[in-house]
Structure formats: C-alpha cells, structure tokens
Amino acid sequence: MKVTIRKWQTVSSWHWDVSEECCGICRMQFDACCVDCKMPGDDCPPVWGACKHAFHMHCILKWLNSNQQQCPMCRSNWEFVTTD
Amino acid sequence: MSTKPQQKINLTHLKNYNASYQQADNTILINTAWKLLEDAIKTIHSKNASSLSFEELYRNAYNVVLHKHGEFLYNNLKKLLDTHLKNIAQGVEAANDEVFLKELNRCWNDHKTSMMMIRDILMYMDRTYVDQSKVAPVYDLGLNLFRDNVIHHKQIKDRLTNILLEMIKKERSGEMINRLLIKNITQMLIELGINSKIVYEESFENQFLATTAKYYQLESQQLISTCSCPDYMKKVETCLKDELERVSLYLDGSTESKLKEVSEKQLISNHMKTLVKMENSGLISMLTDDKIEDLKRMYILFTRVPDGLNLMKDVISKHVREIGREIVMDEEKTKEQGTYFQSLLDLKDKYDNLHINAFFNDKQFQHTLHQSFEYFINLNPKSPEFISLFIDEKLKKGLKGVGEEEVDILLDKILMLFRFIQEKDVFEKYYKQHLAKRLLLGRSVSDDAERNMIAKLKTECGYQFTSKLEGMFTDMRLSVDTMNGFKQYTQTLQSPLTFELSVHVLTTGFWPTQNTAHCILPREILHCCEAFKSFYLSQHNGRLVVWQTNMGTAEIKASFPSKTHELQVSTYQMVILLLFNDTQKIGFKEIAETTGIPIPDLKRNLMALTSAKNKILEKESESKTIEESDVFAFNTKFKSKLYKVKIMSVIQKETPVEVSETRHKVDEDRKHQIEASIVRIMKARKTMDHSNLISEVIKQLSSRFVPNPIIVKKRIESLIEREYLERSKQDRKIYNYMA
Ligand SMILES: [Zn+2]
Ligand SMILES: [Zn+2]
Ligand SMILES: [Zn+2]
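What counts as what
- Residues numbered from 1 in each chain as written.
- Chains lettered and ligands numbered in written order.
- Predicted model: local features only at pLDDT ≥ 70, side-chain atom pairs only at ≥ 80, totals over all residues.
- Heavy atoms only, no water.
- UniProt positions renumbered as here; feature names shortened; annotations may be inferred.
- Donors = N, O, S within 2.8 Å, 3.2 Å for Na, K, Ca; no water.
- Tetrahedral: all angles 85-135°; square planar, octahedral: opposite > 155°, others 65-115°.
- Helix = DSSP H or I, 4+ residues; strand = E, 2+ residues; numbered from the N terminus.
- Buried < 20%, exposed > 50% of the residue type's maximum accessible area, 1.4 Å probe, protein only.
- Pairing = 2+ DSSP bridges.
- Expected span 1.5 Å × (residues − 1).
- Arc of directions from axis to C-beta.
- Domains from an automatic or database assignment.
- Phe/Tyr/Trp six-rings, centres within 6.5 Å; stacked < 30°, edge-to-face > 60°.
- Lys NZ or Arg CZ within 6 Å of the ring centre and 35° of its normal.
- Contact = heavy atoms within 4.5 Å.
- Buried area = accessible area lost by both parts, 1.4 Å probe.
- Salt bridge = Lys/Arg side-chain N within 4 Å of Asp/Glu carboxyl O.
- Nonpolar A, V, L, I, M, F, W, Y, C, P; charged D, E, K, R; others polar.

- You'll find chain B entered in an unreviewed UniProt entry as Cullin C, with Cavenderia fasciculata given as the organism.
- Within the UniProt record for chain B, the comment given under Pathway (unreviewed entry) is "Protein modification; protein ubiquitination."
- Under the Function (unreviewed entry) heading, UniProt states for chain B: "Probable core component of cullin-based SCF-like E3 ubiquitin-protein ligase complexes which mediate the ubiquitination and subsequent proteasomal degradation of target proteins. The E3 ubiquitin-protein ligase activity of the complex is dependent on the neddylation of the cullin subunit."

- The name given to chain A in an unreviewed UniProt entry is Anaphase-promoting complex subunit 11, with Cavenderia fasciculata as the source organism.
- We quote the UniProt Subcellular location (unreviewed entry) comment for chain A here in full: "Nucleus".
- As recorded by UniProt, the Sequence similarities (unreviewed entry) comment attached to chain A reads in full: "Belongs to the RING-box family."

### Looking at the coordination of the zinc ion (ligand 2)
Residues and elements named next belong to chain A.
- Every protein donor of the zinc ion (ligand 2) is accounted for by Cys34 (SG), Cys37 (SG), Cys44 (SG) and His58 (ND1), and the metal-donor separations fall at 2.1 to 2.3 Å.
- Taken together, the four donor atoms surrounding the zinc ion (ligand 2) define angles of 91 to 121° at the centre, an arrangement classified as tetrahedral.
- Going along the chain, you hit the donors of the zinc ion (ligand 2) in the pattern C-x2-C-x6-C-x13-H. Taken together, the positions of Cys44 in the loop between strand S1 (2–16) and strand S2 (46–49) and His58 in helix H1 (residues 57–65) put the pair 14 residues apart, joining distant regions of the chain.

### Here we look at the pairing of strand S2 (residues 543–547) of chain B
- Summarising burial for S2(B): four of the five residues are buried, a large majority.
- In terms of strand pairing, S1(A) meets S2(B) through five bridges, oriented antiparallel. In the strand pairing of S2(B), Ser12(A) is matched with Trp547(B).

### Describing helix H2 (residues 54–66) of chain B
All names here are of chain B.
- Its 13 residues give H2 an end-to-end C-alpha distance of 18 Å, which sits within 8% of 18 Å, the value for a rise of 1.5 Å per residue.
- Of the residues making up H2, those classed as buried are Leu57, Asn60, Ala61, Val64 and Val65. Taken around the axis of H2, the buried residues stretch over an arc of 130°, which confines them to a single face.
- Just downstream of H2, Lys68 is the residue with a positive phi angle, here 60°.

### Quick notes on the domain arrangement of chain B
- By the assigned domains, chain B splits into domain 1 (18–211), domain 2 (242–458), domain 3 (472–549), domain 4 (552–646) and domain 5 (656–737).
- Inter-centroid distance (C-alpha atoms) of domain 2 of chain B to domain 4 of chain B is 50 Å.

### Quick word on the coordination of the zinc ion (ligand 3)
Residue and element names in this part refer to chain A.
- Protein coordination at the zinc ion (ligand 3): the donors are Cys51 (SG), His53 (ND1), Cys71 (SG) and Cys74 (SG), at 1.9 to 2.4 Å from the metal.
- Within one chain, the residues donating to the zinc ion (ligand 3) are spaced in sequence as C-x1-H-x17-C-x2-C.
- Using a relative accessible area of 0% as the deciding quantity, one classes Cys71 as buried.

### Some remarks on the packing of aromatic side chains
- Counting across every chain of the model gives 33 aromatic pairs over all chains.
- Plain terms: the ring middles of Phe560(B) and Phe634(B) are 5.4 Å apart, the flat faces sit at 55° to each other, and that makes the pair tilted. On the criterion of sequence distance, the pair formed by Phe560(B) in the loop between strand S3 (553–559) and strand S4 (564–570) and Phe634(B) in strand S7 (residues 631–634) is long-range, its members being 74 residues apart. With respect to burial, Phe560(B) and Phe634(B) carry one shared label: buried.
- Through a chain of ring-to-ring contacts, the aromatic side chains of Trp8(A), Phe486(B), Tyr489(B), Phe532(B), Phe535(B), Tyr536(B) and Trp547(B) assemble into a single cluster.
- A cation sits over an aromatic face here: Lys424(B) above Phe418(B), 5.5 Å from the ring centre.
- Cation over ring: Arg438(B) sits above Tyr431(B), and NZ or CZ is 5.5 Å from the ring centre.

### Some thoughts on the interface of chain B and chain A
- The partner chain A presents 27 residues to the 57 residues of chain B that form the contact.
- Between chain B and chain A, a total of about 4,200 Å² is buried, with carbon and sulfur atoms accounting for 54% of that surface.
- Taken together, chain B and chain A are joined by two salt bridges.
- Here Asp42(A) makes a salt bridge to Arg543(B), at a shortest N to O gap of 2.9 Å.
- Those elements giving two or more residues to the side of chain B that touches chain A turn out to be helix H23 (463–491), strand S1 (500–507), helix H24 (523–539), S2, S3 and helix H25 (571–579) of chain B.
- Within the side of chain B that touches chain A, the residues separate by chemical class into 28 nonpolar, 22 polar and seven charged.
- In this sheet, S1(B) lies alongside S1(A) in parallel orientation, the contact comprising eight bridges. Following the sheet pairing, Lys7(A) is matched in S1(B) by Glu500(B).

Here it is as structure tokens:
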C-alpha cells in the first residue's frame, strides 16, 4: 500500500515574535495594531529599546517626535535595538 | 314748545316753572304714547301687524325715551310681555304629549317674530336707555321672559326634557322620529341662553348625557354577554357612528365631545379588559389568526379611550414573549438552526405585517414588539451562534434556486433579528469561525455576497466590529501574492518540493487560530513547510509562523490492489494515512502518540476514514464508535467507481469543551474591552465617581455586549493595582486617572 501527497492546501498563522502582550504606550495587544493602523503589518512591527521595553513602531515614533527622548515606561534614554 | 325766557326773570324760578309745565304736559303725552304702543304690541301678538304704521310707533317710542321716560317704557313693556307669555305658557302646558313640542315650537317662532318687530319699534330705547342703564336689550328681554315664563314653567320644564329624551330613545331603538322638530327645539334652547349654553345644558344636555350613560351601560352588558369580541366591536362602531350622526342632525355641536366620552366609557372602557381576554375571539386569537380588520377595529376603538392602547400593548407584548420563548426554548427546533430561525423570521414577518396593516405603524407598538423580541431572543444563549450559522448557510456555495437578490432580502431580515442580540461579541466569534471556513475551503457563494454582508454589519455595529472580519479578506488577498512569490522561489531550490504546496497565511487575532501546533507533521511534509517558512520570513521580519493543521485539505494518491484513487482528505486524515506507508496495522493509541492529533479530532477523522461509504481503513472491532482499543489497517478491498474520492469529514459540532473555550475567550476579550473603556473614559475625565464610571462603561460597550457591573468593578480594582487609577484620598468612591 502506498500513499503519496499530490497537493496540500494548508493554513498557517503568523504573529509577532514578542513576549510582551501589550504595547506600553497604546495598551493594545501586539496581535492587534496601534491606533493608527488598520491591520498589523511590516509598517508597524514591535520595536525594542535598550531597556527591553517593547512598543509599536508608530507609537514610539510618535512619542519620540514629541521631543521625549526617554522610554515612556522606565525613563531611561531611548535607544533602538534590532532583533535580528 | 320752546319759550324765550325774559332776561330779568329769576333764573331759578324760571327753571322750576318750566319743569312743572313740562311734567304736566309730558304725562299726558307719554300715557298717550304708551297706550298706542301697548295696543300695537297686542296687535303684533295677535298677528295683525300689517295694519300698523311703523313710522308712527317709532316716533312715539322715540318721544317717550327722549323725554327721559325710558324706564317707564321699559318696565311697561316687560309687564306686558310677562303677561303675554304667561298666557302662552298655559297654552303649551295644555297641549298633549303628541303635539307638545310642535306647540312649543310654534309659540317660540311667533315669539321671535313678535320680538323682532317690537325691537324695531323700540330701537331708540335700545340705543339710549338700554345702553345707559345696562339692562337687557329689548330682544334679549323677550328671550329671558320666554325662558322664565315658558321653558322654566313648572309644568313645562321636565316635560320638555322627558319628551326629548323619549324621542331619542325611540330613535335608538329604530323608530323614525321628527328630527327637524328636535333640531328646532335644541336650537331654541341654545338661543335662549343668549351668550351661553346654560339653558340647553340645564334643560336637555345634562339629562341626555346621564340617560345615554345608563342606556349604553345596559346595552353593552347585554351585548358583551352574547357577542364575540369582533361582533361586539362592530356593534360598538355602529353605536358610536349613530351618536355622532345624532349630534350633526339635531343636537348642538358642543355635545359631540361629551357624548363621545360618555358612550365610549360605557361601550369601550368598561369592557375592554373583558374584550381583550375573550376566549376564542379576543385579542390573542385575532393575533394568532391574523385578523387584520378586527385588529384594526380594536386599535381604532381603543385609541379613543384612556389606557386602551396600553392594554393592547401589554397583551401583545406578553403574547409575543410567550410565543418567542416557546420557539427559542424548543429543544427540537433549536437542534436545527434552520427551522429555529425560520420560525423567528416568520414571527417577525407576521408582526411587522400586523404593525403596518393593523396598527397604523404606531411607533409605540413597534417599540413594544422590539422589546419583546429582544427579551426572548436573548433567553437562549445560543442565539448569536444560530444567527451566524443561518447566515453561513445562506452564503455557502450551492444554495439551490435562490437568487442573489433573494438572499440579500433574507440577510436584511436576519439583520433585524441580529439587532436584538445583546451579546454581539459572541456573534462575532462565531461569525469569524464560519467565515474562516467559507474562505479557507473556498465555499463562499461569492466575494460580493460576503462583502455585502460585512458592509451590512458595519452599518449596524460600526467599523470596530468588522475591522477584523475585513482583515480576513485582506489576508486572503495577500496569500495569493505570497503564493505567487513562493512558486518562483521554489524553482530556485536545490531539492524541489515533493508535492504542490499552497498556504494561506493568516494574521493571528483576525482568525480563529491558535498559537500552538496541533499535530506532529511527518518529515517529508516538514521539509516543505520549512521551505515555505524561510521564504516567508525572508520577506517579513520579526514574525513567527504556526501551522494550523486542524484546517486545510490535501489531495493524495492511494494505490489499492484493484485501482489507484485520488483521495480528497483533511490535513489530519493525510497525516493518519501516511502512517500506513510504513506499517500494516496500527492501534489507536499509537496513532495518537505518533501524530499528536487531539483525541476528539482524531476520533472524528478516523470515523470518516472507516465510514461505510468510503471505507479507506478497516477497523477490527464492530463497534460503531471509535474506541481507544481499536486497531486499524488499510482496506485492501476498497472499491469505488470514481477515480476521485472525497472523504467527508464528520460534521463537527462544538464539543462541550469547545463551547466553554469559546465562552472563556469571549470573557477574556470582554475584560480587555472593559479595561480599555475605563482607561478611555478616565483619560478624558481625569476624575469620576464609581457609579458614574460604571454606567458610562456600560453605555460605551452596550453595542457589543452588556457588561456585568461586578466585572466592571473588578477591572477598576485591577487597574488601581496596576496604577492606572487611584482612589481619591478625600472620597474612596472617587477615582483619579494617573498619567
Ligand atoms: Zn502601541
Ligand atoms: Zn501602527
Ligand atoms: Zn524602558
């Protein structure tokens, strides 16, 4: 008896590789998106500071653009850390 | 008669002389004048006025008044009329009942004619003396004297009333009466009141209303004990119409509203409770049998009395609630969502129809109906799920003989029921599940129909509600792009894929997915999976991909001794069948261990593979269910006329575990929503007291679900612990927002 696969129509799901549940600024889950986005995507991934706090990209950029240079959670100087 | 007084004569003396001279002169003149007038008036009363000279009479009356004897003339006239009318009254009194009204009417008309002539003769008195002395003008004096002497005469007053009432009574019982005569008499009573209706009221209307009440009290008691509800209403309608006609034919217009009130009270108010509750013909039977005309009649009649419509509304509300409750709590009907929903839609249709055609689109009735529907639909916690399932059925491919427009109308109707659902978030959960299946299995009747439905939900519940559902469509579109890229990518691979792989990539949170793997995939499949993953992650940074093996389908080739077949199977079935490439027989426990498929899913899929219709696997035991002791083998005797064989998955009903999982997810979601709502409100208000905050939260969220205040309170406490909020130091019932 022999069984071979010809075609597999399968389903996968993706989520951010992040252990925190919520963005520290907008309090939305990372699986949802920031208040400015319609759906999560590469425009607005979670980003980390040197202090290990995570935020939506849009959320932290808005914060930094309002002339705040510290992490909104711990007030240490903000520095982007790349995950790769 | 003017004299030129001498200059040297004492002025005072002269005045006195003149006065006494004039007095003597006047007395004669006035008496003569009055005699003339008296005779003339008597002549008028005897209807011989044509022989009189109006000019002469007028001049005489003029002179009398000019010489300051207006009072004399007025009093004499009064005495004269008084005597005359006393005679008239005797004549009326003597008339027998048959001709009484006729006689009275004749006297009245004569009196009016006489009085007009007398008024003309004495016009100068009306203009000067009457005006200065503030007494009744001549014509009104005549009316007052007629009233006092004739109408209020001891032997006439009650007789007049009784004869009028007797005639109306006769007419009510179907006899013909002289309506014109009554009209003249009632008109007389009105005229006698001069500027008020008091004579009409005292001599007729008060007693008329009292007898009417008594009449309809007896009449209605008699009718209600013999008629059905619709028959009674028809009779009432006729009675009320007759009474209205009566007013317009021979009563004064002012009686209309009073007569209506009196008869409506007796005919409707006093019996409405009995009517509504009448067995076999009351309101409930009329509703049950869609008696539009009777319901309309009841609505119109009950509108006329205080609380009539409220009574109807109460009964309808109670009835609809009962009927609805029976439908939603009916075990048999709820087993089949189709019938369940059809029954509800039918009920909605029925009452929409009654609302429009029998209740004149009454807003309050609509409100009552809506409240009743809301009440019973939410009695069954499964209603949100059933609504979603019903929509699912309508949006699935292969709906026979139903046009797109028809589906659209149907969806609108379903939406009307959806409006009554309180737990809209539970509906969303199920809608997501059902939509996912339609999209992933390609079962949607059309993209347009799906988007149309989403647009409807968006209008109903807002952007928030549908954003995730819309995200699902975006994922479907993006997946097509991803697969195009992947195809090109696979051509560059050193070791090509052993089968065609097509992947839907779903955004977690939009879909009913889980972030943990469901089963262990065999190595040859994993190899392909890894190829896809590395392609996908090279395009998208920072993501994790999880295979949703509880979904998906496969086409596999299986060679049986007789023939090779192509099998269409689920992912789980594929994983199970691949095991038989290495072994002949495998026990249930071993399959479970090797594949890691959750037990309930495994049992379901083995059931499908061993079904009588397409027995791909053989089971040693005879039992109808899958037991953990079962051992499975490839069915070498499998035969099918078709090359392609579709293994139907056993219809998946939510297991109790899954039900409680769904419930748990909903509750978790609600926690988030409640917290988000509290933070939103507090951020805007900065400070707020406990009860206001709770009611504001409930208001904000009520379009999705009705939050339990106890849970809201717990979320507030949790937010205080996490220092989003603090209690005010002055008042512990006041919260402050902490920035
Ligand atoms: Zn954010
Ligand atoms: Zn964003
Ligand atoms: Zn930090």
